[in-house]
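Geometric and topological summary
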Amino acid sequence: MKQRLKLALFVFLLISLFPLYQLFQIYQSSQSFSAQADAEEYRYRLVLISPYLGDAYWNQVIKGVEAAARKLQVSLDIKGTNLPDNEELQKAMNMAISSQVDGIMLLGIDDPSFSEMIQKSTMKGIPVVTIMADLQGSLRKSFIGSNHYETGLELGNYIKKAVKNNETIGIIKGNNVTSIETQRIKGLKDSLKASSIKLVETDRQHAEEQTNDLLNQYPSMKMLIGTGIDDGDLIVRTIESRSALSGFEIYTFDDTQETMNLLRSGKISGTIHHSHSLMGVKSVETIVKWLEKEDLPLPVSTYTETNVITEGSRP
C-alpha cells in the first residue's frame, strides 16, 4: 500500500513539475527586448538569433543590437540557445519567418541547413544579415563583422616585428576547423611567407594533441598561435602539464573573457580585439537601410575594426 502511495505521489509531482520545466526551458532559450511593448510604437520587427545567449563575449554584440534598436525605434526579439544547438536555432528561425518579421540577424554557422533557412527567409521577403561569422554563397543581404583574413595578416605582421629570423611557430587549430580559422591561417601564411619565419602544423585533431605533437617535433619552439576561440586556454594547460610556461609566447584571435584573463595574468602574449558592440549596431542599421531602400545596394560586407592587443595595450 505504501509503495503504491509513493508511486502515485511521484507521478503527481512529475506531472506538476513538467510544465514548470517547459517554462524554464523556454526562458533559457529565448530573450525578448520588447515583449511588452506596443507594436504600434515601432517601425519594424527584427529578430536576432544566437547560439550563445548569456555568453559575455556574444553579449557585447547584443548590447550593440539593443542600443541601435532603441535609437532607430524598431522592435527587437532575441532568440536562441545557451549552447550551440543547430536544430533549436533552425526552429527559432522558422518561428521568425512564420511570424513574418521584417528582418533577421544571425550568427553565420558552417552548416548548409542555415543557408537553406536564409533562402527560405529571402523568398518570403525577409532580409537576413549575418554577424561575426559569414555564410558566403547564401542569400544573406550583408555580412557585418571582422575581416578574418585581415586579422591573420595583422597578427602575422605584428609577430614578424616581434620575433627573430628563422623562428619556428606552431599553428593550433580548433577540433572542427571553421571557415573563420581557414581565413585566419591564410592571412598568417600570406603575411609571413616572404620572411624566414617558419609556420608548422600537425594533422592531430584536438588542440592539446596538436600542442604536444608540435612541441615533441620541435623541442626548441617557443611560440604558438591558437586560431580557434578556446585554443589559448588549451595551449596554456598543455604546456603547463609538461614544463614551465615561462619562455613561451602564445597568441590567439579572440578577446573572450577567458582569453583576457590569460592575458592579464601574463600566460598569453597577445590576442585580437574585435569591435563586437559595433557589429551589433551596424547589423540593425544595415537591415533598416534595406527596409527603407536607403543607400542601396548594400555593401556585401561591412568590416569592423580589429587590432592586436597585449598586456600593456589592453583597451
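Residues numbered from 1 in each chain as written. Predicted model: local features only at pLDDT ≥ 70, side-chain atom pairs only at ≥ 80, totals over all residues. Heavy atoms only, no water.

1. Quick look at the nonpolar core
Formed by 26 residues in total, the largest nonpolar core has its most connected members in L48, M105, M132 and V284. Put simply, the parts of the chain that give this core at least two residues each are β2 (45-50), α2 (56-72), β3 (75-80), β4 (103-107), β5 (128-131) and α10 (276-291). Ranked by residues supplied to this core, first place goes to α2 with seven residues. What L48 contacts, discounting residues up to four positions off in sequence, is W58, I62, V65, L76, D77, I78, K79, M105 and I131. Core analysis: the second largest hydrophobic core is formed by 19 residues, I172, V236, I250 and I268 among them. (Core = buried A, V, L, I, M, F, W, Y, C linked by side-chain atoms within 4.5 Å. Buried < 20%, exposed > 50% of the residue type's maximum accessible area, 1.4 Å probe, protein only. Helix = DSSP H or I, 4+ residues; strand = E, 2+ residues; numbered from the N terminus. Contact = heavy atoms within 4.5 Å.)

2. Focus: the packing of helix α3 (residues 86-98) against helix α4 (residues 112-123)
In the contact formed by α3 and α4, the axes pass within 10 Å of each other and the chain directions differ by 5 degrees. Taken together, α3 and α4 sit at an angle that is classed as roughly parallel. Between α3 and α4, the contacting residues are N86, L89, Q90, M93, N94 and I97 on the first element and S113, F114, M117, I118, K120 and S121 on the second. Counted by class, the contact of α3 with α4 contains six nonpolar, five polar and one charged residues. (Axes fitted to C-alpha atoms, helices over the stretch in contact; angles between N-to-C directions. Parallel < 35°, antiparallel > 145°, perpendicular 65-115°, else oblique. Nonpolar A, V, L, I, M, F, W, Y, C, P; charged D, E, K, R; others polar.)

3. What to know about unusual backbone geometry
Put simply, L296 and P297 share a cis peptide bond, and its omega is 0 degrees. The phi torsion at Q100 lies on the positive side, around 55 degrees, for a residue other than glycine. With respect to the helices and strands, the residue Q100 is situated in the loop between α3 and β4. In the Ramachandran plot, D295 falls in the positive-phi region, its phi being about 55 degrees despite a non-glycine side chain. Relative to the assigned elements, D295 resides in the loop between α10 and β12 (301-303).

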